[in-house]
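Geometric and topological summary
Letter by letter, the chains look like this.
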Amino acid sequence: MNHIEHLDSFLAAFNDDAYVFDDNREFRGLEAIRNWSKTDIFGAHVRFEITDATEHDGVYAVIASLDGDFDKTNLPSPFYLKHTFKLSGDKINELQVSLP
């Protein structure tokens with residue numbers, strides 16, 4: 001699978017009007033999410049290793065260690081982020097990325 005196929009598969013998980021909040025930035029809709037993920041995830045070759053996953057009242061939280069080609073200055077090693085998902089049907093309606 002090439003870079004564009006990975007990006008398309010990633011975007012297929014989101015509703016058309018989905019919302020992402022990452023690093024104090026907001027992204028609304030598939031085009032904004034495409035631009036964010038193209039740069040911040042796929043462009044930086046980010047790799048995720050899931051260390052914990054929970055669900056409570058329809059809200060899913062995944063904690064993962066991250067690595068890739070991004071500035072790691074002053075970041076702990078390993079570097080963990082929490083990804084909190086709210087679904088609508090079988091697609092992501094909201095994703096918030098934060099420190100665990």
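Residues numbered from 1 in each chain as written. Predicted model: local features only at pLDDT ≥ 70, side-chain atom pairs only at ≥ 80, totals over all residues. Heavy atoms only, no water.

A few points about the sheet that holds strand β3 (residues 47-56)
- Taken together, 6 strands build an open sheet; the order of strands is β2-β1-β6-β5-β4-β3 and the sheet is mixed. Lying at the two open borders of the sheet, with one neighbouring strand each, are β2 (25-28) and β3. Strand-to-strand twist in this sheet, taken as the mean axis angle between neighbours without regard to direction, amounts to 15 degrees.
- Where strand β1 (residues 14-22) lies against β2, 4 bridges are found, and the strand directions are antiparallel. (Pairing = 2+ DSSP bridges. Helix = DSSP H or I, 4+ residues; strand = E, 2+ residues; numbered from the N terminus. Axes fitted to C-alpha atoms, helices over the stretch in contact; angles between N-to-C directions.)

Considering the pattern of salt bridges
- Under the definition given, this model contains 7 salt bridges.
- Here Asp-40 makes a salt bridge to Arg-25, at a shortest N to O gap of 2.5 Å. Linking Asp-40 in helix α2 (residues 30-42) with Arg-25 in strand β2, this pair joins segments that are 15 residues apart in sequence.
- What makes Asp-40 partly exposed here is its relative accessible area of 27%. (Salt bridge = Lys/Arg side-chain N within 4 Å of Asp/Glu carboxyl O. Buried < 20%, exposed > 50% of the residue type's maximum accessible area, 1.4 Å probe, protein only.)

What to know about the packing of aromatic side chains
- Inspection of the entire model under this criterion finds 5 aromatic pairs.
- Taking the centre distance of 5.7 Å and the plane angle of 75 degrees together, the rings of Phe-10 and Phe-42 count as edge-to-face. On the criterion of sequence distance, the pair formed by Phe-10 in helix α1 (residues 3-11) and Phe-42 in helix α2 is long-range, its members being 32 residues apart.
- On the accessibility criterion, Phe-10 (25% relative accessible area) is partly exposed.
- Judged by centre distance (6.5 Å) and plane angle (55 degrees), the ring pair of Phe-70 and Phe-79 falls under tilted.
- Lying across the ring of Phe-70, Lys-72 places its NZ or CZ 4.7 Å from the centre. (Phe/Tyr/Trp six-rings, centres within 6.5 Å; stacked < 30°, edge-to-face > 60°. Lys NZ or Arg CZ within 6 Å of the ring centre and 35° of its normal.)

Here's the deal with the layout of surface pockets
- Size it by volume and the largest pocket reaches roughly 800 Å³.
- Surrounding the largest pocket, 31 residues form its lining, Asp-22, Leu-66, Leu-81, His-83 and Val-97 being those nearest its centre.
- Where the lining of the largest pocket is concerned, the elements lending two or more residues are β1, α2, β3, β4 (59-67), β5 (79-88) and β6 (91-98).
- Among the residues making up the lining of the largest pocket, the classes are represented as 23 nonpolar, 3 polar and 5 charged. (1 Å grid on protein atoms, 1.4 Å probe; cavity = no way out; pocket = protein on both sides within 12 Å on 5 of 7 lines; lining within 4 Å. Points joined across faces, edges and corners; volume = space filled by probe spheres on them. Nonpolar A, V, L, I, M, F, W, Y, C, P; charged D, E, K, R; others polar.)

Some thoughts on the pairing of β5
- Here β4 pairs with β5 via 8 bridges, running antiparallel. Looking at the pairing, Ile-63 lines up with Lys-82 of β5.
- The pairing of β5 with β6 spans 7 bridges and is classified as antiparallel. By the bridge assignment, Lys-86 is partnered in β6 with Glu-94.
- With antiparallel pairing between neighbouring strands as the criterion, β5 and β6 make up a hairpin whose turn holds 2 residues, including Gly-89 at a positive phi of roughly 70 degrees.

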